[in-house]
Amino acid sequence: MSAHVTIFVDGEAHEVPEGLLLGHALHALGNARLRRTPRSGAPRGLFCGMGVCFDCLVEIDGRAAARACVEPVRAGMRVRTGR
Ligand code: FES
C-alpha cells in the first residue's frame, strides 16, 4: 500500500497516492477538464498522457503551463486548473 499525500487543487485539499502522476490524480478526482483554449474556449484535458500534446497544462506551485501528465504528485503541491 502506498503512502498518500495532500495536494491542493483550485484551493481544495485532496489525498492522493504519493508519486502518482498529477494528470492521473486529477482525472481520478473527477477533473477531466483541466483548461480551456484561449481562442475558442474549447475544453482540454489529458489526451496523449505522455508529455507531447500540451492539452493538460495547469499551474503548479505558481509555475504556469506545466504538463500535468508528466509531474508526479508531491506533498503540499498546489495546482490551479483553467477550467
Ligand atoms: S496529456 Fe498530452 S502533454 Fe499531457
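Refer to the structure presented above.
Residues numbered from 1 in each chain as written. Predicted model: local features only at pLDDT ≥ 70, side-chain atom pairs only at ≥ 80, totals over all residues.

Q: Looking at this structure, I do not really get the pairing of strand S5 (residues 57-60). What am I missing?
A: Two faces belong to every sheet, and in a regular strand the side chains alternate between them. Here S5 shows a clear split, with Val58 and Ile60 buried on one side and none of Leu57 and Glu59 buried on the other. Strand direction decides the pairing type here: S5 and strand S6 (residues 63-67), joined by 3 bridges, are antiparallel. The partner of isoleucine 60 across the bridge, within S6, is arginine 63. Linking two consecutive strands that pair antiparallel, namely S5 and S6, is a turn of 2 residues; a positive phi of about 50° is found at aspartate 61 within it. Bridge count between S5 and strand S7 (residues 78-80): 2 bridges; the pairing is antiparallel. Within S7, the position partnered with glutamate 59 by the bridge is arginine 80. (Buried ≥ 20, exposed ≤ 12 C-beta atoms within 10 Å, placed from the backbone. Helix = DSSP H or I, 4+ residues; strand = E, 2+ residues; numbered from the N terminus. Pairing = 2+ DSSP bridges.)

Q: Got a minute to help me understand unusual backbone geometry in this structure?
A: Glycine aside, a negative phi is what most residues show, and trans is what most peptide bonds show. We note that phenylalanine 54 has phi near 65°; this positive angle belongs to a residue other than glycine. Tracing the backbone shows phenylalanine 54 in the loop between strand S4 (43-44) and S5. The exposure class of phenylalanine 54 is partly exposed, given the 13 C-beta atoms found within 10 Å. Even without being glycine, alanine 65 reaches a positive phi, approximately 55°. Mapping alanine 65 onto the fold places it in strand S6. With 11 C-beta atoms counted inside 10 Å, the residue alanine 65 sits in the exposed group.

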